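Coordinate analysis (summary)
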Protein chains: 2
Amino acid sequence: MKLKAKLLDIQAGGRRIAILDDESASLLGVHSSDRVRISYKNKQLIALVNIATDFPRSHIGLYQEISKMLRIKTGENVEVQHALIPESLSYVQEKINGGRLREDKINAIVRDVMEHHLSDTEIAAFLTTLHIRGLSITEIEALSRAMVETGSTLRLGKEPIVDKHSIGGIPGDKATILIVPIIAAAGFVIPKTSSRAVTSPAGTADRVENLCPVNLSMEEIMEVVNKTNGCMVWGGALDLAPADDLFIQVEYSLGIDPLLLPSIMSKKKAIGATHVVIDIPTGRGAKVKTIGEAHTLAYDFIELGKRLEMNVQCAITFGEQPLGYAIGPALEAKEAFETVMGDGPADLREKAIHLAGMLLEMVGGENGKQKAEEILRLGRAEVKLREIIAAQGGNPKIKPDDIKIGDKKAEITADKDGRILWISNQKISQIAREAGAPKEKGAGIKLEKKLGEEVKKGEVLLEIYAERNMKLETAVKLTKELQPMGISQKLEEQMLIDRIPTRTIHKKAFTIER
Amino acid sequence: MKLKAKLLDIQAGGRRIAILDDESASLLGVHSSDRVRISYKNKQLIALVNIATDFPRSHIGLYQEISKMLRIKTGENVEVQHALIPESLSYVQEKINGGRLREDKINAIVRDVMEHHLSDTEIAAFLTTLHIRGLSITEIEALSRAMVETGSTLRLGKEPIVDKHSIGGIPGDKATILIVPIIAAAGFVIPKTSSRAVTSPAGTADRVENLCPVNLSMEEIMEVVNKTNGCMVWGGALDLAPADDLFIQVEYSLGIDPLLLPSIMSKKKAIGATHVVIDIPTGRGAKVKTIGEAHTLAYDFIELGKRLEMNVQCAITFGEQPLGYAIGPALEAKEAFETVMGDGPADLREKAIHLAGMLLEMVGGENGKQKAEEILRLGRAEVKLREIIAAQGGNPKIKPDDIKIGDKKAEITADKDGRILWISNQKISQIAREAGAPKEKGAGIKLEKKLGEEVKKGEVLLEIYAERNMKLETAVKLTKELQPMGISQKLEEQMLIDRIPTRTIHKKAFTIER
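Please read all numbers here as calculations on a predicted model, not as lab measurements.

1. A few points about the pairing of strand 11 (residues 311-318) of chain A
All names here are of chain A. Note: strand 10 (residues 275-282) against strand 11, eight bridges, orientation parallel. In the sheet register, His275 faces strand 11, and the bridge partner there is Asn311. Handedness of the strand 10-helix 12 (residues 291-307)-strand 11 crossover: right-handed.

Structure follows, in structure tokens:
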């Protein structure tokens, strides 16, 4: 059927959507969410149909995604046909109905997600099914490979290439800023790509950005790594396993994360990693609640690594409170930098040299932890960090005090004597975000007390930093509502864990940081 | 945050969608698929956010659904805030994670579906979960009630009110056109609402439309039923259980139908039915494949009926081939009308008097089938049908030959001697649709042979009718590809059922007719 193109001055978030009036739709035999094949000159594409009751007859409305691809103008004629459903949709249905998917079927699904041939509702059904039915390790492997193959890869032409990754969920986890220079100083290549925060107060890219630019191209990364052995860059624009971004966009509001393994491991494979340590923070308030769960996940990472030809080890780490004392991009960068310079909190230092030590042992050394500790203690990590900062275009002479912290500040004090019995990772994250993190880099939280510490009534528990007074106020208000720390003299005084029905003031946020 | 409204000249299919530029979205802390609360004067609503990279700064794009509700003009200021996720989304997540939903939670979900507070991806996740995890009878009851309560209801102020429904899937099932006049002639009230075809060649509303108008308002229905005891109208615009339409829109492309029971029964409840017969066609090629499955479904219908205060009985009927010989709106209307007038195929007649007989017995009579047969045989059903036709605005003197059949015709002949071993319901439906049904009312199929009949090489198996030559040609071509009937001398000659891998030419269509 011939229809006149009517260009819509708007995007559909990457989706390929065409609008038809109900009369034309009926003649074509298509319903809302059916697909049409649009042909114009020698170009063709598949679009999803939205049906509008008051759209001009014999016209087809094209979002910018489509009109750009076809290079078409309003008023020109296109040929429109009812398209068959994509083969991959029947594979999605197969999985919904309890089947297992072979590699070729998973490839077809990932390809059609990338091509926007599958709609968001179909992707949502797929992800919900994966969450409920689970994935076999063979399916996980195929998904990981398909996600690598539909994206860009980094080819350094060297071996070994080491990498580390935390599955996330712990605010203040800035260990990467220590581990990368330690490994690079030891002479090993570690091209670290990181994400920005989506639902957390800071991602590693947000932290590092306080020291130097992180938005590098593939070519610039190669140059930095060839010069210094390491880098700490934002991975978001590098097109590594881009299908993952499309999946995340859909699963985000559903609060499910069935692709944790392929998402992480496809990105490691894409940068060519040969040796990887995965950090699995574990405990109440972490993504993984029990040691048992952590073990299962760890063995899945290791097995998947084998299948993707990567040597993987996992570190199960204590995840019941934030790492270090600082939460928020600038505060964390400062704390990490101070720790590299020899000062800084024991837990951050300990975790960093442990993970770095594991990596050093994996690539053939002995006494990895001692070596890592030595590199840090002798200042070699600091020298290396400054080299990397310079290579990425930052100031190598930077001092901790050069990092700008929000100048609005409020103190939250204890309302009784006691001991810190728990600190809620989620509540701390929420408060830091309310103060302005990650968008306002200087915003965040500085803890003054951590688990097990004694506190007197009136003593400061934490400080909130913000760049704007209004944000500071709402963050203080939220802190009083949420009560992110539990104080008591003795455990025996805190027998009540929860009340049902409970009055939820703020919904728990779902963390998709990986 | 204050933003300037920019009205978009387009609908979003009922959805409430607002476009933000990435800068404003970031300042508000919202991501794609998050929600915002838009306030304008004394009006407020929740919209789903789409983020566009090249949208003008400090503007908010509003689809017509929103601008109409707010009665706003381009350039006016609105207040926009990040809205919390709706409570109901956490109930969806609860079900995803294996919980059971209580009535209040199901009410909240259905309400938020109706208000478009839940996005299509969230509804897709919900429906996929229901399909995989199943629903308890308590959940089914709550969903049915919620779907009734969010729609209109018909209040005739009489009792009993009888109704029948087929779960569908069998082409050519025109029994309703016989059952309604039989029941009405027997003195019982049967206000029958039906659907139009979505993926099948004809719905009951499409069939009846060849006899009289079917697009009646609630008031007109009351008038027709008060005058004649019965009606046969299109239910689509009556707003009966409208949430169902929103669910169908999402599940359609996924090929799942977890809401079969609440969807059917909510509509029965909404018209005030007290006695209902549910027809469950069973067999290869039907929705329900085995007698065992049919029994399970039947007891669910009966139990749900009890909970909704309706007396329900189920008929498990033979569903391995089309009912009667005619498929397509006009062809079926003609065949049904001829059967009411005393002529017509035995299977159609037998099924109709069986189901009508069950209904007559349910409202207190004895020998229901004999009574139904008598009403049909003595012409009382025909008189009643003509009354109903007149009351709905049709010509009561209509003759079968007045019904216009497509004037393009092709015959498909047998390529060997033998017996009809199977007829594929799905292939017959696909061919009838290819010929133009249901849009072109005169298009369809007339079977010349049915299961078990002898056929000689060269004898006619079926006739294809169309209104346009091109449609006729493609339907003939499809018939040759699909081979909708299996012919063989003996069963022993047909041992091969299928080959794997198979070469699928046309995808099997998913039937959502209920």
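2. Structural notes on the interface of chain B and chain A
Residue-level contacts link 47 residues of chain B with 47 residues of chain A. Our count for the chain B to chain A interface comes out at zero salt bridges. The tally of links from chain B across to chain A stands at 21 residue pairs in polar contact (both at pLDDT 80 or more). Among the elements of the structure, strand 4 (43-52), helix 3 (87-96), helix 5 (120-133) and helix 10 (243-251) of chain B are those that each provide at least two residues to the side of chain B that touches chain A. If one sorts the elements of the side of chain B that touches chain A by residue count, helix 5 of chain B sits on top with 10 residues. Taken together, the residues of the side of chain B that touches chain A sort by class into 17 nonpolar, 18 polar and 12 charged.

3. Regarding the sheet that holds strand 11 (residues 311-318) of chain B
Residues and elements named next belong to chain B. Spatial ordering of the open sheet is given by 7-10-11, a layout of three strands whose pairing is parallel. Edge strands, defined here as strands with exactly one partner in the open sheet, are strand 7 (162-166) and strand 11. With strand direction ignored, the average angle separating the axes of adjacent strands in the sheet is 20 degrees. Across five bridges, the pairing between strand 7 and strand 10 (residues 275-282) is parallel. Each bridged residue has a counterpart across the sheet, and for Ser166 the counterpart in strand 10 is Asp279. This element, helix 14 (residues 346-362), spans strand 7, strand 10 and strand 11 of the sheet and lies at about 150 degrees to strand 10.

4. Overview of the nonpolar core
Of all hydrophobic cores here, the largest spans 60 residues; its most connected members are Ile109, Leu127 and Phe247 of chain A together with Ile109, Leu127 and Phe247 of chain B. Excluding anything up to four places from it in sequence, Phe247 of chain B contacts Val113, Ile123, Phe126, Leu127 and Leu259 of chain B. Ala185, Cys212, Val214 and Ile389 of chain A belong to the second-largest nonpolar core, a separate cluster that totals 46 residues.

5. Concerning the packing of aromatic side chains
Residue and element names in this part refer to chain A. Going through the model one piece at a time under the given rule, you end up with two aromatic pairs over all chains. Judged by centre distance (6.4 Å) and plane angle (40 degrees), the ring pair of Phe126 and Phe247 falls under tilted. One end of the pair, Phe126, is in helix 5 (residues 120-133); the other, Phe247, is in helix 10 (residues 243-251), with 121 residues separating them in the sequence. Residue classification places Phe247 among the buried positions, given a relative accessible area of 0%. Sitting above the plane of the Trp234 ring, Arg196 keeps its charged end 4.9 Å from the centroid. Looking at Lys450, its charged tip hangs above the ring of Tyr325, at a distance of 5.2 Å from the centre.

6. Details of the relation of the copies chain B and chain A
The transform that puts chain B on chain A rotates by 180 degrees and translates by 0.0 Å along the axis, for an RMSD of 0.0 Å. In the structure described here, the two chain copies are related by an operation that fits a two-fold rotation axis. When C-alpha positions in chain B are compared against the rotation axis, the closest is assigned to Thr121 of chain B, at 2.3 Å.

Thresholds applied
Residues numbered from 1 in each chain as written. Chains lettered and ligands numbered in written order. Predicted model: local features only at pLDDT ≥ 70, side-chain atom pairs only at ≥ 80, totals over all residues. Heavy atoms only, no water. Pairing = 2+ DSSP bridges. Helix = DSSP H or I, 4+ residues; strand = E, 2+ residues; numbered from the N terminus. Right-handed = clockwise from strand over helix to strand, strands pointing away. Contact = heavy atoms within 4.5 Å. Salt bridge = Lys/Arg side-chain N within 4 Å of Asp/Glu carboxyl O. Polar contact = N/O pair within 3.5 Å; in protein donor to acceptor, adjacent residues only side chain to side chain. Nonpolar A, V, L, I, M, F, W, Y, C, P; charged D, E, K, R; others polar. Axes fitted to C-alpha atoms, helices over the stretch in contact; angles between N-to-C directions. Core = buried A, V, L, I, M, F, W, Y, C linked by side-chain atoms within 4.5 Å. Buried < 20%, exposed > 50% of the residue type's maximum accessible area, 1.4 Å probe, protein only. Phe/Tyr/Trp six-rings, centres within 6.5 Å; stacked < 30°, edge-to-face > 60°. Lys NZ or Arg CZ within 6 Å of the ring centre and 35° of its normal. Least-squares fit on C-alpha atoms with pLDDT ≥ 70 in both.

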